[in-house]
Amino acid sequence: MFMPIGVDCWIDNIRLVYNRTTRHSTNSPGVEVRVPGFGETYSIEFLDYNKLAGYFYTMVQHLVNIGYVRNETVRGAPYDWRLAPNENEAYFIKMQDMVEEMYNQYQKPVYLLGHSMGCHYVLYFLNHQPQAWKDKYIRGFISLGAPWGGAVKVLRVLASGENDGIPMISNIKIREEQRMVTTNPWLLPAEDVWPEDHVFISTPAFNYTHRDYKRFFTDISFEDGWHMWEDTKNLTSALHPPGVEVWCMYGVGLPTPVTHIYDEEFPDGDPVDFVYADGDDTVDSLSMGLCKRWVGQQEKPVHVTEYRGLAHLDIVFHEKVLNQMQQILEGKSDVPKEVDVRLDVK
């Protein structure tokens, strides 16, 4: 669908129409968008029917190999990633029903596992459940590569687009779709995490910090983005503790852009340079490490493991992560503070 011509059709089908007055998004007129496979694993194991784009397949297969059963004791909760949680109420009802159903069937509390933005979805879900419900139904929350303080990459995505390595589509073309989803403004770097003078986007005309988001959206001619951010910025940014035992894992030790430098073509050209900091190549470790705040903020334990040399996407299928996850599921809650994955290079 990303081939020339086809991509325009895809963008028109997948886009959201944001209404500034109601502060709600709707599908493109005449289009219905459904998320396949809720409660099953097939739609998160691979992102396409030809099974070329693998995602959770390796993890699910690892669980199956140790006795879990697809769609029974390991289940998926895919969501419409275009929408921030405030517009996905029905999803959280389905999630609660599935957790209760699994608990009732197997008489054991459930582990929730999220990756990247999915962790914010899990946190939002847990923050809206009574503690008594969590104590009964949830055994723990495993978070992988969560951008707890937002992601600098989002500013680049909104300004000039990012094709995520799909060679047949230009950044500017995919930008059309990336500006139409409310989840990108939702994940802008949080205001209280970054220094006030940290420049995320540098252009010949202006340096944008988190105090300049309104100007940023005006300058890239995307004022709806400012309203989307206003609607979503407080959904999870306070990082209220989840109230369940947490295993927070993320990659470190890889250069990760924290400033994007543009020339005068901004916002219609790609960045010409970057300033890097530590991270997992997509999200910086400052943002991912914010789960450490929960230590002492909740009764349940919080375990943090940093995987040195592990990239953002690789965390869902790396052998050391899967073995660690298996140990957690077997009841061995103590985990190392740091694991070096670079030693595996053959």
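Residues numbered from 1 in each chain as written. Predicted model: local features only at pLDDT ≥ 70, side-chain atom pairs only at ≥ 80, totals over all residues. Heavy atoms only, no water.

1. Comments concerning the packing of helix α7 (residues 153-160) against helix α8 (residues 171-178)
Here's step 1: It is the contact of α7 with α8, at a shortest axis distance of 7 Å, that shows an interaxial angle of 105°. Looking at the two axes, α7 sits roughly perpendicular to α8. Residues Arg156, Val157, Leu158, Ala159 and Ser160 of α7 pack against Asn171, Ile172, Arg175 and Gln178 of α8.
Here's step 2: Its residues placed into classes, the contact of α7 with α8 shows four nonpolar, three polar and two charged. (Axes fitted to C-alpha atoms, helices over the stretch in contact; angles between N-to-C directions. Helix = DSSP H or I, 4+ residues; strand = E, 2+ residues; numbered from the N terminus. Parallel < 35°, antiparallel > 145°, perpendicular 65-115°, else oblique. Contact = heavy atoms within 4.5 Å. Nonpolar A, V, L, I, M, F, W, Y, C, P; charged D, E, K, R; others polar.)

2. Things to note about the environment of Pro189
Here's step 1: Relative to the elements of secondary structure, Pro189 occurs in the loop between α9 (183-186) and β5 (201-202).
Here's step 2: Residue Pro189 is classed as buried on the basis of its relative accessible area, which comes to 0%.
Here's step 3: The spatial distance from the C-alpha of Pro189 to the C-alpha of His312 is 17 Å, given a sequence separation of 123 residues.
Here's step 4: Other than its neighbours up to four places away in sequence, Pro189 contacts Gly149, Gly150, Ala151, Val152, Leu155, Trp194, Phe200 and Tyr213. (Buried < 20%, exposed > 50% of the residue type's maximum accessible area, 1.4 Å probe, protein only.)

3. A closer look at the pairing of strand β2 (residues 24-27)
Here's step 1: When strand β1 (residues 16-19) meets β2, the two strands line up antiparallel, connected through four bridges. The residue bridging Leu16 from the neighbouring strand is Asn27, located in β2. (Pairing = 2+ DSSP bridges.)

4. Observations regarding the state of the cysteines
The bond known as a disulfide is covalent and runs between the sulfur atoms of two cysteines.
Here's step 1: Applying the stated criterion across every chain yields a total of one disulfide.
Here's step 2: The residue that forms a disulfide with Cys248 is Cys291, at a sulfur-sulfur distance of 2.1 Å. Here Cys248 and Cys291 share a disulfide; its torsion about the S-S bond, -80°, makes the bridge left-handed. Of this pair, Cys248 sits in strand β7 (residues 246-252) while Cys291 sits in the loop between α12 (285-288) and β10 (302-308), placing them 43 residues apart in sequence. (Disulfide = S-S within 2.5 Å.)

5. Quick notes on the sheet that holds strand β6 (residues 207-208)
Here's step 1: Strand order across the open sheet formed by four strands is β6-β5-β8-β9, with mixed pairing between neighbours. Two strands lie at the open edges of the sheet, namely β6 and β9 (273-279), each paired on one side alone.
Here's step 2: In this structure, strand β8 (residues 254-261) lies alongside β9, joined through seven bridges in antiparallel fashion. Directly across from Thr259, in β9, lies its bridge partner Val275.

6. Here's the deal with the pairing of β8
Here's step 1: Pairing analysis gives two bridges linking β5 to β8, with the strands arranged parallel. Bridging across to β8, Ile201 finds its partner in His260.

7. Comments concerning the pattern of salt bridges
Here's step 1: Counted under the stated rule, the structure contains 21 salt bridges.
Here's step 2: Residue Arg211 is joined to Glu196 by a salt bridge in which the shortest nitrogen-to-oxygen separation is 3.0 Å. Taken as a pair, Arg211 in the loop between β6 and α10 (213-219) and Glu196 in the loop between α9 and β5 lie far apart in primary sequence, 15 residues in all.
Here's step 3: Through salt bridges with shared partners, one network takes in Asp8, Lys173 and Glu176. (Salt bridge = Lys/Arg side-chain N within 4 Å of Asp/Glu carboxyl O.)

8. With respect to the packing of aromatic side chains
Here's step 1: Applying the stated criterion across every chain, the model contains 27 aromatic pairs.
Here's step 2: Their ring planes at 45° and their centres at 4.4 Å tell us that Tyr55 and Phe56 sit as a pair that is tilted. For the pair shown, Tyr55 and Phe56 are each scored as buried.
Here's step 3: With a centroid separation of 5.3 Å and 45° between ring planes, the pair formed by Trp226 and Trp229 is classed as tilted. You can see Trp226 and its partner Trp229 sitting in helix α11 (residues 223-232), three residues apart, about one turn around the helix.
Here's step 4: For Trp226, a relative accessible area of 17% gives the class buried.
Here's step 5: A residue is classified by how much of its surface remains accessible, and Trp229, at 4% relative accessible area, is buried.
Here's step 6: Through pairs of rings, three or more aromatic residues link up here, namely Phe38, Tyr79, Tyr91, Phe92, Tyr103, Tyr121, Tyr124, Phe125, Trp133, Tyr137 and Trp186. (Phe/Tyr/Trp six-rings, centres within 6.5 Å; stacked < 30°, edge-to-face > 60°.)

Just distances and angles here, no functional claims.
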